[in-house]
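If you want the building blocks of each chain, they are given just below.
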Amino acid sequence: MKKTITTLLSLATLGTLLSAPLIANAGELRIGDRDYSISFYDHSDKAYEVFYRRHHHDDWEYYGSYDSRYRAEKIAFNLRRQGYRTYIERH
């Protein structure tokens, strides 16, 4: 009887461990000289720059810097509606 109880407890423990979700501490892979994971980097810096030009032979002109990709895309979309070609660069 002891062996049966011990076996059942072992199986219940094993089943509980196997059914528990495994938590991965995965984050975005960022390559560069800035250490995002330990917060040595000032996150208030503008990370996306928008450039524009009218024709393909013109030089790219700087329009502005934005802290989110969404905001930069929105600005670029508005510029494209006005007839400009746009380029977004992340730094």
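The sections below set out a description of the structure shown in this document. (Residues numbered from 1 in each chain as written. Predicted model: local features only at pLDDT ≥ 70, side-chain atom pairs only at ≥ 80, totals over all residues. Heavy atoms only, no water.)

### Here we look at helix α2 (residues 69-81)
Stated precisely, the cut-off is as follows: For helices the rule is a DSSP run of H or I covering at least 4 residues; for strands it is a run of E covering at least 2, with both sets numbered from the N terminus onward. To estimate how far a helix should reach, multiply one less than its number of residues by 1.5 Å. To sort residues, take the accessible area from a 1.4 Å probe on protein chains only and compare it with the maximum for the residue type: under 20% means buried, over 50% means exposed, and anything in between is partly exposed. Here the arc refers to the set of directions running from the helix axis out to each C-beta atom. The contact rule is simple, with two residues in contact once any of their heavy atoms fall within 4.5 Å.
Taking 1.5 Å of rise per residue, 13 residues should cover 18 Å, and α2 covers 18 Å from first to last C-alpha, within 8% of that figure. Considered for burial, the residues of α2 that qualify are Ala-72, Ile-75, Ala-76 and Leu-79. Taken around the axis of α2, the buried residues stretch over an arc of 100°, which confines them to a single face. Across α2 from its buried face, at more than 90 degrees, point the exposed residues Tyr-70 and Arg-81. The inward-facing, buried residues of α2 contact β1 (48-53), β2 (61-66) and β3 (85-90). Looking at the residues trailing α2, positive phi occurs at Gly-83, about 100°.

### Things to note about the side chain of Thr-86
What counts, and what does not: Side-chain atoms alone can form a polar contact between residues adjacent in sequence; in general such a contact is a pair of N or O atoms within 3.5 Å, and within protein one must be able to donate a hydrogen while the other accepts it.
Structurally, the position occupied by Thr-86 is in strand β3. Overall, the relative accessible area of 19% leaves Thr-86 in the buried class. Here the side chain of Thr-86 touches Arg-80 through a polar contact of 2.7 Å, side chain to side chain. Leaving out residues up to four positions away in the same chain, Thr-86 has contacts with Phe-51, Tyr-52, Trp-60, Ala-76, Leu-79 and Arg-80.

### So, a nonpolar patch on the surface
Inclusion rule: By definition, no residue in a patch forms a salt bridge, and every one has over 30% relative accessible area; like charges are joined within 9 Å, nonpolar side chains (Val, Leu, Ile, Met, Phe, Trp, Tyr) within 5 Å. Accessibility throughout is a Shrake-Rupley quantity obtained with a 1.4 Å probe, and a residue counts as covered only by protein chains that appear here. We count a salt bridge whenever a side-chain nitrogen from Lys or Arg sits within 4 Å of a carboxyl oxygen from Asp or Glu.
Nonpolar side chains collect at one region of the surface, where Met-1, Ile-5 and Leu-9 lie side by side and expose about 370 Å² of accessible area between them. Position of Leu-9 among the secondary structure elements: in helix α1 (residues 2-19). In this structure Leu-9 comes out as exposed when scored by relative accessible area, which is 55%.

### A few points about the packing of aromatic side chains
Where we set the bar: Two rings from Phe, Tyr or Trp (for Trp, the six-membered ring) form a pair when their centres are within 6.5 Å of each other. A pair whose planes differ by under 30 degrees is stacked, one over 60 is edge-to-face, and the rest are tilted. In our convention, an over-ring charge means Lys NZ or Arg CZ found within 6 Å of a ring centre and within 35 degrees of that ring's normal.
Following the criterion strictly, the structure yields five aromatic pairs and no others. Ring geometry for Tyr-52 and Tyr-84: centres 5.2 Å apart, planes at 85°, overall edge-to-face. With Tyr-52 in strand β1 and Tyr-84 in the loop between α2 and β3, this pair connects stretches of sequence that are 32 residues apart. Judged by relative accessible area, which is 17%, Tyr-52 ranks as buried. Each ring, one from Trp-60 and one from Tyr-87, has its centre 5.6 Å from the other, and the planes form 40°; the classification is tilted. Here the residue Trp-60 occupies a position in the loop between β1 and β2, and Tyr-87 occupies one in strand β3, the gap between them amounting to 27 residues. Note on Tyr-87: relative accessible area 36%, which makes it partly exposed. Positioned over the ring face of Tyr-84 is Arg-54, at 4.1 Å from the centre of the ring.

### Describing the environment of Ala-76
Looking at the secondary structure, you find Ala-76 in helix α2. Given a relative accessible area of 0%, Ala-76 falls into the buried group. Between the alpha carbons of Ala-76 and Thr-86 there is a distance of 5.8 Å; along the sequence they are ten residues apart. Setting aside anything within four residues of it in sequence, one finds Ala-76 in contact with Thr-86 and Ile-88.

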